[in-house]
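# Structural features, examined
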Amino acid sequence: MTDLLLQKLLDRLATYRRPPGIWLSPGSKRWMVTAPDLIREVMTNDAFVVPRYDISQLTARLNIDLAYLSRLPDWIALAHEGERHRHLRAISARAITARTDEALGVLRQALEDRRSVFDGPSGSEVCLFTSLFRPAMRQTIASLSDVPLPQDLPVEVIPQLFDDAISLSRRRRINEILEAVSNCMPSSLPDDDRQLRMAIIAVSTNTLLGSICLTFIEQLGSAPGKPLSGIDWGSDLVRTALPLVEKRVVKPVQLGGQSLTPGDRVRLFIEAAGFTPDGHHHYDDLFFAVGAHKCVGMNFSIRAWQAVAGFLSSVNRSVKREAVTERDGDYVFNLPERIVVKLDA
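Keep in mind that what you see is a predicted model, and the values were worked out from it rather than measured.

### With respect to the packing of aromatic side chains
The description of an aromatic ring pair rests on the distance of the ring centres and on the angle between the ring planes. Summed over the entire model, instances satisfying the criterion amount to 9 aromatic pairs. With a centroid separation of 5.4 Å and an interplanar angle of 80°, the aromatic rings of Y53 and F162 are classed as edge-to-face. With a gap of 109 residues between them, Y53 in the loop between β3 (48-49) and α3 (56-62) and F162 in the loop between α6 (128-145) and α7 (168-183) connect regions that are remote in the sequence. The interplanar angle of 45° and the centroid separation of 6.4 Å between the aromatic rings of F118 and F311 together place this pair among those described as tilted. Of the two residues, F118 sits in the loop between α5 (82-113) and β4 (125-127) while F311 sits in helix α9 (residues 298-312), which places them 193 residues apart along the sequence. Across the pair, F311 and F118 agree in class, each one buried. Three or more aromatic residues joined by ring pairs form one cluster here, namely F133, F216, W233 and W305. Taking NZ or CZ as reference, R18 lies 5.2 Å from the ring centre of W23, over its face. When the ring centre of W75 is taken as origin, the NZ or CZ atom of R84, which lies over that ring, is 5.0 Å away.

### Topic: the side chain of T215
Tracing the backbone through its elements, the reader meets T215 in helix α8 (residues 191-221). Judged by its relative accessible area of 0%, T215 falls in the buried class. Side-chain polar atoms of T215 contact the backbone nitrogen of R239, separated by 3.3 Å. Excluding anything up to four places from it in sequence, T215 contacts D236, L237, V238, R239 and W305.

Conventions we followed
Residues numbered from 1 in each chain as written. Predicted model: local features only at pLDDT ≥ 70, side-chain atom pairs only at ≥ 80, totals over all residues. Heavy atoms only, no water. Phe/Tyr/Trp six-rings, centres within 6.5 Å; stacked < 30°, edge-to-face > 60°. Helix = DSSP H or I, 4+ residues; strand = E, 2+ residues; numbered from the N terminus. Buried < 20%, exposed > 50% of the residue type's maximum accessible area, 1.4 Å probe, protein only. Lys NZ or Arg CZ within 6 Å of the ring centre and 35° of its normal. Polar contact = N/O pair within 3.5 Å; in protein donor to acceptor, adjacent residues only side chain to side chain. Contact = heavy atoms within 4.5 Å.

Here's what the structure looks like:
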């Protein structure tokens, strides 16, 4: 299997820990970096910058209109460096901070409104992704972005714009969804505000939903047979739905004894920092990046998990994991789209 799918392997931990934690993958045409200290070095070294998300050459060559998809990266802080990055980071942080308390209140109420998912008879099965986590987080992201998102609008597809290997049909689908999101907003809304709100949706919808789902699965597995109210859910996200980020080299640099040259691409497996010596998952600050591109939504994400953990701690029923299925065709995010559990198993 190609190194591009390393983050999908069940036994990837052995590769993550293999010294020296950096290698050139010919098939992937990238440097793969798994050593946490090297990842931190890349994130704080100006020899490395974010990838380009410009699709203008593609749209011009094929003479196609992907206007919404083409514009969105202009408003995502993590897609920029320098002054543009600082500006977008500042306005994104202000927008998120201004709506944090309201969005967390929406999350708590949304979870409470779905408490009945645990009311089924013993032995019955329920998918917690579709019946609890996804709809609750959809309402939360709608509140955080100040966009009234319909439950049936598949906004989880939008963040796949960060995958440069996606098909043209998938790009067209993302463009259609972005247009639908835009149409959910008032026509009188200034374009800058419209783009910023879509950017918040793009960077939060998969990472937050997926990280909460994966953390739930991990913590549930650590206490088999216990009622949800008896599990120590912790206050931090111990899993991340974004297992990797990429950078590109802009000047000659040494990394882990290797010589990297301008134009090289570097894949950082940030998930590798989140394992204990015995292979269990734990929180690490690399989940939210370090340096100039540290995630502006870190505080909200942790508080959102704490709200979910508080709700789960009030549910006096035990559940057993029956099946977990991750989304197909996604080579950037680890997003469970089925979490089937059996009640009182």
